[in-house]
Amino acid sequence: MAVKMSYVENVKLALQSIVGNKLRTFLTALIIAIGMMALIGVLTSIDAMKNSLTDSFSSMGSNSFNIRNRGSMFASEMRGRAPKSSLI
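Residues numbered from 1 in each chain as written. Predicted model: local features only at pLDDT ≥ 70, side-chain atom pairs only at ≥ 80, totals over all residues. Heavy atoms only, no water.

## A few points about the overall build of the chain
From N to C terminus, the chain includes three helices and zero strands. Taken from N to C terminus, the helices and strands of the chain fall in the order α-α-α. Looking at the chain residue by residue over its 88 residues, the buried ones come to 0%. A total accessible area of about 9,000 Å² is found for the chain, and carbon and sulfur atoms account for 65% of it. (Helix = DSSP H or I, 4+ residues; strand = E, 2+ residues; numbered from the N terminus. Buried < 20%, exposed > 50% of the residue type's maximum accessible area, 1.4 Å probe, protein only. Areas by Shrake-Rupley, 256 points an atom, 1.4 Å probe, with all protein chains shown as cover.)

## Let's talk about the confidence of the model for the chain
On average, residues of the chain score 82 in pLDDT, and 72% of them are at 70 or above. Here helix α3 (residues 73-77) stands out as the least confident element of the chain, with mean pLDDT 54; helix α2 (residues 22-59) is the most confident, with 93. (pLDDT = per-residue confidence, 0-100.)

## A look at a nonpolar patch on the surface
On the surface, a cluster of nonpolar side chains totalling about 750 Å² of accessible area is made up of Leu23, Phe26, Leu27, Leu30, Ile31, Ile34 and Met37. Within the fold, Met37 resides in helix α2. Residue classification places Met37 among the exposed positions, given a relative accessible area of 58%. (Patch = residues over 30% accessible without salt bridge, like charges linked within 9 Å, V, L, I, M, F, W, Y side chains within 5 Å. Salt bridge = Lys/Arg side-chain N within 4 Å of Asp/Glu carboxyl O.)

Below you can see the structure in the form of structure tokens.
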């Protein structure tokens, strides 16, 4: 058989639980605050690094850069050398 409690009774019970467990309430609030500060710190540092890289590349005279594949390194290594013979 389920016991029905009114909204007011639920709020009173919750407040009594918070007052009765002051240490647990304090530690929970402290851990939540530390987690939020850590998250904000990480996001701020990532944004600062991104802005620093953008400023560094902008100071080089260009606001964008392209990365292209120039082919395999074997073609540049073979200049001035005899081709290797394969033994089959």
